[in-house]
Amino acid sequence: MSPFPTTVAVGCAALSLAALVTELLRRFALRHDVTDRPDGRKGHARPTPYLGGIAVAVVTLVAGAVTAVAGGFGNPGLAVLLGGAAIIAVLGLIDDLRPLGPAPRLGVEATAASAVVLVGGHPTVFGGWLDAAIAVMWIVFITNAFNLLDNMDGAASSVCAVIGGILCWQAWSSGQAGLGVVLVALSGASLGFLLHNWHPARIFLGDSGSLFIGFTLASASVVLHKDAAGLAVPAGLLATTLVVTVDTALVMFSRYREARPLLQGGLDHASHRLRRMGLTVRQTTVIIGMFAALGAVSGALLARGVLPSGGVLLAAAAVGLATVAMLLRIPSLPGGAPSAVPGPGLSVGRQLARQTAGEAADLRKGASHLRKSGAAG
């Protein structure tokens, strides 16, 4: 198989098929009222279908199945990766239709990730079982990080298209043609879906899509780095997924120090803060996509030996921390003040309660003073 013609053919076919299937699913969802309704923790203003992720998953899995058949099922690691991704897509669909708790979700994700690591391999940092455990946890983390990133029109699908395309190049370069086909199909399917998800979005990914693309990209990254060792492992993985790591770190840290529920949705992501800086939704999506491309290209150049692992790791960590620090200065809630660290032992909620109580006390004192003045008069 020649890489370039195959990549173009599979990518174009996946794009066209995903665009068609997404439109069919959109109409089905509207007909049966499978929609995401707006509330105070979401950014959209009208009920929107959320079955778009099924189109991305189906197109990617079909491409993978065709590749497996054409290759004579000679790659068990790829088969397990596709099987795990299919399970995650079904898990997400169930969660879309009837929300699940974190325990069953994490249990299924960890099981699927463990299968990928055991069969497909994993990179080496410390040696022994600890590396396998870290790889599983990393796949689960990135899977859910993509779920969090899916908070604005076009954000998750554009990031997936960018990272998937660059990982596809890595796969072809390392001789993993089957994985390359799957990744270009995922990238093309994301672009086909993006035609409907570009602002203003006509359909959303839903958990079935965001969990699927997160699991597939994370698992592919682990498999592609299975021969890596030492600093090249954290440097390559962090750089490739820097954008989702930064967004998750920003949200978790912000909610923790403001004493808000960590797992409850909100308008405090990187995309929402960029909007409060005055950017449009489309400009925000483009910036996030460019950030993702910068990180993924750095990871690819590291894998090719062009960039040093220590330098990439230091740069990725520095850029990530600086970005989180900068975005924390932007209000975490609409119309709110910039995030502030509460006083020692005192949460933001308690500070507000004390401030409100103090103002109420002042009002009572003022009213009492007026009554006494009237009585004296």
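Named according to an unreviewed UniProt entry, the protein is MraY family glycosyltransferase originating from Streptomyces chengmaiensis. Regarding the protein, the UniProt comment filed under Subcellular location (unreviewed entry) reads as follows: "Cell membrane".

## As for the confidence of the model for the protein
Per-residue confidence for the protein averages 86 on the pLDDT scale, and 85% of its residues sit at or above 70. Here residues 339-377 scores under 50 on pLDDT; set against residues more than four positions off or in separate chains, the count is 21 contacts.

## Side note on helix H4 (residues 102-120)
Taking 1.5 Å of rise per residue, the 19 residues of H4 would be expected to cover 27 Å, and the 26 Å separating its terminal C-alpha atoms lies within 8% of that figure. Following H4 by one or two positions, Gly-121 has its phi on the positive side, about 95°.

## A few points about the packing of helix H10 (residues 242-257) against helix H13 (residues 309-328)
At a minimum axis distance of 10 Å, the contact between H10 and H13 shows a crossing angle of 45°. Judged by the angle between their axes, H10 and H13 are oblique. Of the two elements, H10 crosses H13, and the hand of that crossing is right-handed. Taken together, the residues of H13 that come into contact with H10 (itself represented by Leu-242, Val-246, Leu-250, Phe-253, Ser-254 and Arg-257) are Ala-316, Val-319, Gly-320, Thr-323, Val-324, Leu-327 and Leu-328. In terms of residue class, the contact of H10 with H13 is made up of nine nonpolar, three polar and one charged.

## Concerning the pattern of salt bridges
This model, assessed by the stated rule, comprises eight salt bridges. A salt bridge links Arg-202 to Glu-23; its shortest N-O distance comes to 3.3 Å. With a gap of 179 residues between them, Arg-202 in the loop between helix H7 (177-197) and helix H8 (206-224) and Glu-23 in helix H1 (residues 3-31) connect regions that are remote in the sequence. The residue Asp-95 makes a salt bridge to Arg-105 at a minimum N-O spacing of 2.7 Å. With Asp-95 in helix H3 (residues 76-97) and Arg-105 in helix H4, this pair connects stretches of sequence that are 10 residues apart. We note that Asp-95, like Arg-105, is buried. The structure contains a network of salt bridges with shared partners spanning Glu-23, Arg-26, Arg-27 and Arg-202.

## Section: unusual backbone geometry
The step from His-199 to Pro-200 runs through a cis peptide bond, and the omega angle for that step is -5°. Topologically, Pro-200 is positioned in the loop between H7 and H8. One non-glycine residue, Asp-33, lies in the positive phi region at around 55°. Assignment of secondary structure puts Asp-33 in the loop between H1 and strand S1 (35-36). Its identity as a non-glycine residue notwithstanding, Ala-259 has a phi of 55°, on the positive side. Topologically, Ala-259 is positioned in the loop between H10 and helix H11 (270-276).

## Looking at a nonpolar patch on the surface
Taken together, the side chains of Val-125, Phe-126, Trp-129, Leu-130, Ile-134 and Met-137 present a nonpolar region at the surface, about 660 Å² in accessible area. Tracing the sequence through the fold places Phe-126 in the loop between H4 and helix H5 (129-149).

## Thoughts on the environment of Gly-295
As for its position among the elements, Gly-295 is in helix H12 (residues 281-303). A relative accessible area of 7% means that Gly-295 is categorised as buried. Distance in space between the C-alpha atoms of Gly-295 and Leu-237 is 9.6 Å, their sequence separation being 58 residues. Aside from chain neighbours lying at most four places away, what touches Gly-295 is Ala-239 and Thr-240.

Reading guide: rules and limits
- In this convention, every chain numbers its residues from 1, walking through the sequence in written order.
- Given that this is a predicted model, residues contribute local features only at a pLDDT of at least 70 and side-chain atom pairs are listed and counted only at 80 or more, while totals for whole chains, interfaces and linings are drawn from all residues.
- With hydrogens and water excluded, all non-hydrogen atoms of the structure serve as input to the side-chain values.
- UniProt positions are given in the numbering used here, feature names are shortened, and annotations may be inferred rather than shown by experiment.
- Looking at any residue, its pLDDT shows the predictor's confidence there, from 0 to 100.
- The contact rule is simple, with two residues in contact once any of their heavy atoms fall within 4.5 Å.
- The secondary structure listing takes helices from DSSP runs of H or I that are at least 4 residues long and strands from runs of E that are at least 2 residues long, numbered from the N terminus.
- To estimate how far a helix should extend, the number of its residues minus one is multiplied by 1.5 Å.
- The convention used is that axes are lines fitted to C-alpha atoms, helices contributing only their stretch in contact, and that angles between N-to-C directions extend from 0 to 180 degrees.
- Note on terminology: angles under 35 degrees are roughly parallel, angles over 145 are roughly antiparallel, angles of 65 to 115 are roughly perpendicular, and the others are oblique.
- By convention the crossing between two helices is left-handed if the near helix lies anticlockwise of the far one by an angle smaller than a right angle, and right-handed if it lies clockwise.
- Three classes are used: nonpolar for Ala, Val, Leu, Ile, Met, Phe, Trp, Tyr, Cys and Pro, charged for Asp, Glu, Lys and Arg, and polar for all others, with Gly counted as polar.
- When a carboxyl oxygen of Asp or Glu is within 4 Å of a side-chain nitrogen of Lys or Arg, the pair counts as a salt bridge.
- Three exposure classes are used, based on accessible area relative to the maximum for each residue type with a 1.4 Å probe and protein chains only: buried under 20%, partly exposed in between, and exposed over 50%.
- Note that patches include only residues with greater than 30% relative accessible area and no salt bridge, and the join distances are 9 Å for like charges and 5 Å for nonpolar side chains (Val, Leu, Ile, Met, Phe, Trp, Tyr).
- The Shrake-Rupley method, run with a 1.4 Å probe, gives the accessible areas here. Residue values count only the displayed protein chains as cover.

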